[in-house]
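Structural description and commentary
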Amino acid sequence: MTKQNNFPKISIVTPSFNQAEYLEETIKSVLSQNYPNLEYIIIDGGSTDGSVEIIRRYSDRISYWVSEPDKGRGEAINKGFQHATGEIMGWLGCGDKYFPWTFEVVSQIFSALPEVKWLTSDIKMMLNKEGSPCFLDESLDLYRINLEHISRESTFWRMSLYNHITMHKNKSLPNGETAEFWLELLKLARLNNVSTPLGGSRPALARHKESSGPVTLQRRMVRCNVVIFDWWEEYKWKLTTFESRTLKSRLYRASLKIISFLLKCVKKFSPRSQS
Amino acid sequence: MREKVFPKISIVTPSFNQAEYLEETIKSVLSQNYPNLEYIIIDGGSTDGSVEIIRRYSDRISYWVSEPDKGRGEAINKGFQHATGEIMGWLGCGDKYFPWTFEVVSQIFSALPEVEWLTSATPFGWITRDMPLRYYRRTGFSKEAFFDGQYLPIRGCIQQESTFWKKSLWLRSRGHVESALKIMPDFELWLRFWQYATLYSLWSPLAGLRHHPSQGGAVLSHFEICRKILDDYYHNNIFSIFYHETRYRISRLPVLKNLIRYRYSAVKYDFGEGKWAIVKSLKSRS
C-alpha cells in the first residue's frame, strides 16, 4: 500500500559463542524475511558445540562469517561492523529474534523520513522458553524513553551516524556497554520511536549477566521523536516532535504535579478510602 | 521442563464478499500449526470467489458452509453452534492473528484456571499485509471502567479480535451474539461477560485489525449504538446514566482524574519463576 520503499541495504551483525541451541532460530528470523538487500554477518568466537555447522548450513545466504577465538562479545561486534557496508545497521544477539515484518518497517521508515537517524521501538518484547513473545515491557510515555528500555534487538541506526563514532573504531566495545553506545548516538542525533514490535530478546541467556552500564545511566530518561503512521488521511509515515522546553509548559506541568500530590494526600487521609 | 498441554481452540470467521482479504485471515490462523485447532468459516453466500479460496484450504478447516444469512451476528452464532473447543474466539474477515497468538493463549488458559476471558491491552492494526502498528495502549481493563463507559468505541474499546474466552463462560452468559446488531455485536457480549467474570489483560499483542484507507474506523454511529446498549443496561435510569457519565468526565480531566482509580487484573510472565502469573489489584489511572 505504501510505495515509498526503495530497499536500502541493511547490515545485521550477530556475535555468537557456544549457543548452538538458539543460534538457528536467530539466523532463521533474519533470513526468512526475504529482504532483498540484506547483509548478514556472523562472528563466532570459536564455538565448539556445533554452532559452526549451523552457520555453514546457511553460509550461502550469509555475507560474511568467521569462527576464531576473540576477547568477548564487544570485540566480535566491532569486528563484524568493520565488514558492514549497509546503509542501515543493527545488531542481533544470539538467541534474540526479529519479527517477520521488522526489515519492512525499518526500511520504509528510513527511506520515507530522511531526518530519522536512528530508530527504536517502545515495545520491548521478551521471549519465554518456548520462544513465543509473552511479555511486553514498555515505558509508558511515548516521548520519553528510559535508557534501559532501549534494547539492542529493536534498534537500528544509519551508517553515517556510526561513522561519526570513533569510539568503536579505536577500542573494542566491552560486554555490557550498550548504554554508553546509545549515549554516543544520542550526542549526534535525536532518538526516534515507533510503536511496532521490532525484536524480541531472550532474558534467560545473556540478559541478566549483561547490565547496560552503571545504575545512574540506566535511570536516565531520553527524549525522543515519535514516528507515527497517518491512518486516516494520507496513509504514510510521519514524524512528530515534542517540545516541552518553554517556560509556560514547564510551569503548567509543575503546578499539575503539585495539585495532584495534594489531592493524593487528601484522598489518603479521607475516612472513605480507609475501608 | 513441563509437558505441553494443548487445549482445543475454536475460531469462527464470518465472511461475506471479502475475497481480497479472506486468504490472509485463513493463513494467519492455519500457519501457526496449532495442533488442536478447530477452524470454522461461515460464508454468507459470497459471489466473488471467496468460496474457491475456502475450498482450497478445506482439508484443514473443520467446518464451513456457504449459504445466505441475515448478517454477521447470525453467521457468528451459526459458527459457534458447531464449536466444540474449550477456548473460543472469532476473527473477522481481513483481521489477522500474530504468529504466536495460539501458543500464548493456550499457555495462559492451561496454566491459570481462574482466567475465563482474556484480551490484549495493546490493540494493533495491520497497515499492509504484514506490517502491524499499535493503535493505542491501556494499562488494563476493569469492570468499573467498563460500566462508566470507558470502553465505548471512540474512547477505545476492548478489541474483539484479540479477545478469547472459555466455553464455560460463553454458556453461562447465554451463549449467543445479538444478531439484530449489524455493527459492534461484541460490545453487547462483553456486557454480559463482565457480569460473570473478570477480564484479564495481557500486554503481548495478540491480534490486529486490517486497516485500509477506505475504511472509516470507529465513528459516531458505532458510539451511539454502544451507548444505547449501556443505557438499556441501566434501564434508561437517568440518574445512574448521569452518575457514570460524570465519573467518566472526571477521569478525563487533567488533575481530578486522580480521584477516580480503577483496579484491573492482568496476566504476566514471571521470568524468575518461568511461568505465567496473575497481577491483581493494580491501581490504574483510567
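For the structure, check the block above.
So, here's what we can say about the structure. (Residues numbered from 1 in each chain as written. Chains lettered and ligands numbered in written order. Predicted model: local features only at pLDDT ≥ 70, side-chain atom pairs only at ≥ 80, totals over all residues. Heavy atoms only, no water.)

1. A few points about the interface of chain A and chain B
Defined as follows: It only takes one pair of heavy atoms within 4.5 Å for two residues to be counted as in contact. In short, buried area is how much 1.4 Å probe accessible area vanishes from two parts on joining, totalled over both. Any carboxyl oxygen of Asp or Glu within 4 Å of a side-chain nitrogen of Lys or Arg constitutes a salt bridge here. Polar contact is the term for a pair of N or O atoms within 3.5 Å; when the atoms are in protein, one must be able to donate a hydrogen and the other to accept it, and sequence-neighboring residues count only if both atoms are side-chain atoms. Only runs of H or I of at least four residues qualify as helices and only runs of E of at least two qualify as strands under DSSP, and these elements are numbered from the N terminus.
In this assembly, 43 residues from chain A lie in contact with 43 residues from chain B. Both sides together, the interface formed by chain A and chain B hides about 3700 Å², and carbon and sulfur atoms give 71% of it. Between the two partners, chain A and chain B, sit one salt bridge. Counting the contacts that link chain A with chain B gives three residue pairs in polar contact (both at pLDDT 80 or more). At the level of secondary structure, the elements contributing two or more residues to the side of chain A that touches chain B comprise helix 4 (102–112), strand 7 (124–127), strand 8 (133–137) and helix 10 (247–269) of chain A. Counting residues per element, the side of chain A that touches chain B draws most heavily on helix 10 of chain A, which supplies seven residues.

2. Concerning the side chain of Thr163(B)
Residues and elements named next belong to chain B. Residue position: Thr163 is located in the loop between helix 6 (153–156) and strand 9 (164–166). Side chain to side chain, Thr163 and Thr119 meet in a polar contact 3.0 Å long. Not counting residues within four places of it along the chain, the set of residues in contact with Thr163 comprises Met88, Gly89, Trp117, Leu118, Thr119, Ile158 and Trp190.

3. Quick word on the pairing of strand 11 (residues 207–210) of chain B
Cut-off, in case you're wondering: The pairing criterion for strands is at least two bridges between them, as found by DSSP.
Pairing geometry for strand 5 (residues 96–97) of chain B and strand 11 of chain B, over two bridges, is antiparallel. Note that in strand 11 of chain B the partner of Tyr97(B) across the bridge is Ala207(B).

4. Overview of the environment of Ile123(A)
All names here are of chain A. The cut-off we apply is this: Note on classification: 1.4 Å probe, protein chains only; a residue is buried when its accessible area is under 20% of the maximum for its type, exposed when over 50%, partly exposed between these limits.
Relative to the assigned elements, Ile123 resides in the loop between strand 6 (118–121) and strand 7. For Ile123, a relative accessible area of 0% gives the class buried. Taking the C-alpha atoms as reference points, Ile123 and Pro197, 74 residues apart in sequence, are found 5.5 Å from one another.

5. What to know about helix 3 (residues 73–82) of chain A
Counting buried positions along helix 3 of chain A yields eight of ten residues, so the element is predominantly enclosed. For helix 3 of chain A, every residue scored as buried is listed here: Arg73(A), Gly74(A), Ala76(A), Ile77(A), Asn78(A), Lys79(A), Gly80(A) and Phe81(A).

6. Some thoughts on the pattern of salt bridges
Residue and element names in this part refer to chain B. Counting across every chain of the model gives 20 salt bridges over all chains. Arg172 is the partner of Glu116 in a salt bridge, and the nearest nitrogen-oxygen pair spans 2.6 Å. Of this pair, Glu116 sits in the loop between helix 4 (101–111) and strand 6 (117–120) while Arg172 sits in helix 7 (residues 167–172); the two residues are 56 residues apart in sequence, bridging distant segments of the chain. Under the relative-accessibility criterion, Glu116 is labelled buried at 15%. Residues Arg249 and Glu245 are paired through a salt bridge, measuring 3.1 Å at the closest nitrogen-oxygen approach. In this pair, Arg249 and Glu245 both sit in helix 10 (residues 238–252), four residues apart, roughly one turn of the helix. In this structure, a network of salt bridges that share partners links the residues Arg155, Arg227, Asp231, Glu245 and Arg249.

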